[in-house]
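Chain by chain, the residues run as shown.
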Amino acid sequence: MKQILFLLLMLVTTAAHSATPSVLRSKTIEASVGVNMTARGPDNQLRQVSGAIKQTIYISSLGRIFTRQTLTSAFSANANDLPVASTASVVGRNMVVPVPLIRGRASARISFDSQFSNCSVQGSVGPGPIKFKGSDGKIYESVSPITFGSNSCSIQAGNAFGG
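Treat the numbers as computed from the prediction; the structure is a model and nothing was measured.

A. Structural context of the nonpolar core. Of all hydrophobic cores here, the largest spans 19 residues; its most connected members are Ile29, Ile57, Met95, Ile110 and Phe112. Of all the secondary structure elements, the ones that give two or more residues to this core are strand E1 (27-40), strand E2 (46-59), strand E6 (94-98), strand E7 (106-112), strand E8 (119-125) and strand E11 (147-157). With residues up to four places along the chain from it excluded, the contact list for Ile110 reads Ile29, Ala31, Ile57, Arg93, Asn94, Met95, Val97, Cys119, Ser120, Val121 and Cys153. Val49, Leu71, Val99 and Ile146 belong to the second-largest nonpolar core, a separate cluster that totals 12 residues.

B. Up close: the side chain of Ser60. Note that Ser60 resides in the loop between E2 and strand E3 (65-73). Accessibility expressed as a relative area gives 11% for Ser60, which makes it buried. Discounting chain neighbours no more than four positions away, the residues touching Ser60 are Arg25, Ser26 and Phe66.

C. Molecular detail of the pairing of E6. Across the two faces of E6 the burial differs, with Met95 and Val97 buried and Asn94, Val96 and Pro98 not buried at all. Relative to E6, strand E5 (residues 89-91) is paired through 3 bridges, and the arrangement is antiparallel. When the bridges of E6 are listed, Ser89 appears paired with Val96. Sheet topology note: the E6/E7 ladder contains 5 bridges and is antiparallel. Paired with Val96 across the bridge in E7 is Arg109.

D. A look at the sheet that holds E7. Across the sheet, 4 strands lie side by side as E5-E6-E7-E8; this open sheet has antiparallel pairing. The strands lining the two open edges of the sheet, one partner per strand, are E5 and E8. Between one strand axis and the next, the sheet turns through 25 degrees on average, direction left out of account. As defined by bridge partners, E7 adjoins E8 across 7 bridges and the pair is classed as antiparallel. Looking at the pairing, Ser107 lines up with Ser124 of E8.

E. Just the pairing of E1, in detail. Among the 14 residues of E1, 10 are classified as buried, and the element is accordingly described as predominantly covered. With 14 bridges joining them, E1 and E2 adopt antiparallel strand pairing. Looking across to E2, one finds that Ala39 is bridged to Arg47. With antiparallel pairing between neighbouring strands as the criterion, E1 and E2 make up a hairpin whose turn holds 5 residues, including Asn44 at a positive phi of roughly 70 degrees. By the bridge criterion, 2 bridges tie E1 to strand E10 (residues 139-142) in an arrangement that is antiparallel. Directly across from Ala39, in E10, lies its bridge partner Ser142.

F. Region of interest: the side chain of Thr28. Its place among the elements puts Thr28 in strand E1. For Thr28, a relative accessible area of 3% puts it in the buried group. Within the local environment of Thr28, its side chain forms a polar contact with the backbone oxygen of Gly158, the two atoms lying 2.6 Å apart. In contact with Thr28, other than residues within four places in its own chain, are Thr56, Ile57, Tyr58, Ser154, Ile155, Gln156, Gly158, Asn159 and Ala160.

Basis of the calculations
- Residues numbered from 1 in each chain as written.
- Predicted model: local features only at pLDDT ≥ 70, side-chain atom pairs only at ≥ 80, totals over all residues.
- Heavy atoms only, no water.
- Core = buried A, V, L, I, M, F, W, Y, C linked by side-chain atoms within 4.5 Å.
- Buried < 20%, exposed > 50% of the residue type's maximum accessible area, 1.4 Å probe, protein only.
- Helix = DSSP H or I, 4+ residues; strand = E, 2+ residues; numbered from the N terminus.
- Contact = heavy atoms within 4.5 Å.
- Pairing = 2+ DSSP bridges.
- Axes fitted to C-alpha atoms, helices over the stretch in contact; angles between N-to-C directions.
- Polar contact = N/O pair within 3.5 Å; in protein donor to acceptor, adjacent residues only side chain to side chain.

Here it is, written out as structure tokens:
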């Protein structure tokens, strides 16, 4: 039984990696999305949160996707690396990279041109408030609609993680 489950897992994993376009393999994508909202902190004070979520994404030669996300915010000089996410996926000329949150949904949608040589990025958030760990280590919950500001996206050959 364990062998059957292992084989099924390997088939699903292999199928997911093979769906990544070969032209994106062994490349790094740098995407950044500006985020603005009002959030309530643990002290019940409201704060205007203006910052960015930067995503460094490496697609291996086998099509595996590795993502490191960094949150920066104007109310803290610190930058925290968010957990490494490996649930990003490429469908057609789009990649969706979930942003880890305590509650709620947010993601970055990266769109590629027809040659996969240029990209653009847009942020999206699910309905309702989000709860997240701020760059100061405290837990915040959004109390206003989340808006997205400036964004940037680039593609380079090689592994940004040095491996």
